[in-house]
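These are the residues of each chain, in order.
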Amino acid sequence: MQSLVALLMAVSSPAPLVFRLHDGAPDVVREVLLERGWEEYDPQEQDEGDWNLYWRTSAFRNFDYENILPWQRLNHHPKTASISRKDCLARNLRRMRGTYGPASYGFSPIAFILPNDYTRFLEEYGKTRLESAGKPRYWICKPVDLSRGRGIFIFSDIKHLAYDSPVIVQKYISNPLLISGYKFDLRIYVCVKSFHPLTIYMHQEGLVRFATEKYNLDSLDNLFSHLTNTSINKFGPFYTTDKERVGQGCKWTLSKFRSFLRSQGINELLLWQKINNIVTLTLLTIAPSIPSSPSSLELFGFDILIDSNFKPWLLEVNYSPALSLDCAADIMVKKGVINDLIDLMNYRRVDSLRQQGYLRPRQRRTCCFSSPSLLKKNPAALLIAKSVYRKERRRESGLNSLNAEYFECPSVERRGNSEGNTLQDPKAIAVSVNKKASPPQMESPSCWYEHEGVQSLEDSSVHTWSSANRNTSSKVFSLPAIQSHKYKPTMFSWDHMTHDRNVPSHRVGDFILTFPFNEVTRKASQDTLDVKTVLHEVHKLTSQLTFSCVKEKKKKVNNESSATKKNKCTSLLWGPRNPPSLSEYCSSH
Ligand code: ADP
């Protein structure tokens, strides 16, 4: 009796969400999660599956995907690491350029993978020399599987090309946009919430990374002038110097860069849209080959160089982008990105499941039926929580006519404490699971979408399940607040307008949904990805913006904008700090 009372008391207080970090995971992830009230996984104290988020810098094993439980998230989709290998990216982009043409896929500098492409490189090298009539042309050589600027050099004469491991040789963008003579590139943070259907969010904040010596084509060996990697520039002699306009160090936030563009009278909108297109088109190259994993999401770092004609170029895509905090800009940007990423994971609906499947160690000690080794010894115990989960899903969708054989077991009692919280007897459920060992089902991607729309993120400090759920007999545990520190309401919400559960939220924190961006692209990415249709829509949107930017064909744009409203396509424009919706923008220009 005493232990039952203790158990009831323990379970009535919500258990914190639990994160698990693999060796080498960034400190900022730990810091942010602890600040949000999470608890770190302790393998000595907790059971194998008693966590909500597993964060690794390197790839997960197949085992991790196969054994995922309904309340768990992984920070990588399977098979995405290859995108950050320079040769794989170059190969994929070349294939897409061959299929869909340079008008769509002309955003990455032409590249050759050596030694295989040596003859083709020689041809191109000879051709550009002829075309340039003696003026030097520049190339950059990069080891295919190194990062942080390691092993990179720039050359103009082929006699300086030397390599002893596979490399890519890429056209060097020799006319970068400069700020007070300094070269820079942009680090854009992109979250792929799902590859099936493709769902992309881009973060409004990011980093501008400067070289620390003035750009000079006469000194190709000076890496502090040509490379923008922080890992290189923080060791440069001018890192701490207060450099003209750039200031000390080598980083700005994207917000500061926006102010700079505005101060120069530059219309940034088309630039952002082109960057947005680069991200979408690059992810299209790998999307069909990524196995579906609804419990994963992925943070990529896209490196973009802008040339003096304001054309953005894709330099590379980083899997597990660096999250070290070197300066104030890092702290502001990276902490914000991680916070918003956690919000995108939408945890408030899953923790009660873990809590029911795995009672906290403190609670287990007082619990007559939950031996600490139960889940380890009995493989079916892992299914306990899955069956609870399935049951909750059924309840949630209002299907009270449960499949009694599978979901209900005569020996399973749902007991409520004074708070209305429900306890499950794991042993009893284990019996039912053993009887019917059907494979557990994974959560469908639609469960990841914010069912109540983005506004629910603004709700009170304590979240419970959706109102539909509150009407059921099983009241669930409240979860710690999901912070919505930077959420700004927007006038339109595509999901609110369509009332479609499958439409993702337009904005979560500073993450803006950039794909799908209308009903056509949503449909084109539902089952098999229809790349042609997507490209068509991307071009249509870009030219629509081009038209409105130059204030031409105003009537046509307005017509299109009202057609857009009819289509309920009111996507937000990624890029501007407080993004307008596409239809708002077009009708006001
Ligand atoms: P790493 O993975 O080693 O950082 P990157 O491809 O990002 O390799 O290149 C490192 C840096 O070199 C970039 O941040 C950029 O400043 C410069 N760089 C790379 N490729 C080019 C290019 N094609 N044209 C101009 N600069 C480039």
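The rules behind these values
Residues numbered from 1 in each chain as written. Predicted model: local features only at pLDDT ≥ 70, side-chain atom pairs only at ≥ 80, totals over all residues. Heavy atoms only, no water. 1 Å grid on protein atoms, 1.4 Å probe; cavity = no way out; pocket = protein on both sides within 12 Å on 5 of 7 lines; lining within 4 Å. Points joined across faces, edges and corners; volume = space filled by probe spheres on them. Helix = DSSP H or I, 4+ residues; strand = E, 2+ residues; numbered from the N terminus. Nonpolar A, V, L, I, M, F, W, Y, C, P; charged D, E, K, R; others polar. Phe/Tyr/Trp six-rings, centres within 6.5 Å; stacked < 30°, edge-to-face > 60°. Buried < 20%, exposed > 50% of the residue type's maximum accessible area, 1.4 Å probe, protein only. Lys NZ or Arg CZ within 6 Å of the ring centre and 35° of its normal.

1. Quick notes on the layout of surface pockets
The space that makes up the largest pocket amounts to roughly 930 Å³. At the level of elements, strand E10 (182-195), strand E11 (198-210), helix H8 (230-233), strand E13 (298-306), strand E14 (312-319) and helix H11 (328-344) are the ones that each hand at least two residues to the lining of the largest pocket. Among the elements that take part in the lining of the largest pocket, E14 stands out by supplying four residues, more than any other. For the lining of the largest pocket, a count of residues per class yields 16 nonpolar, 13 polar and 15 charged. By volume, the second largest pocket amounts to about 310 Å³. Around the second largest pocket, the lining comprises 16 residues; the ones closest to its centre are Ala103, Ser104, Lys274, Asn277 and His539. For the lining of the second largest pocket, the elements supplying multiple residues, two or more each, are helix H5 (102-105), helix H10 (269-286) and helix H21 (531-549). Class assignment of the residues belonging to the lining of the second largest pocket gives a composition of seven nonpolar, seven polar and two charged.

2. Regarding the packing of aromatic side chains
Counted under the stated rule, the structure contains 20 aromatic pairs. Geometrically, the ring pair formed by Phe121 and Trp139 is edge-to-face, given 5.0 Å between the ring centres and 90° between the ring planes. With Phe121 in helix H6 (residues 118-131) and Trp139 in strand E6 (residues 139-143), the pair connects residues that are 18 residues apart, well separated along the chain. The residues Phe121 and Trp139 share a single accessibility class, namely buried. Site record: aromatic cluster; members linked through ring pairs are Phe184, Phe210, Trp252, Phe257, Phe260, Trp272 and Trp574. Positioned over the ring face of Tyr347 is Arg73, at 5.8 Å from the centre of the ring. For the cation-ring pair, Arg258 lies above Trp272, with the distance from its terminal atom to the ring centre recorded as 5.4 Å.

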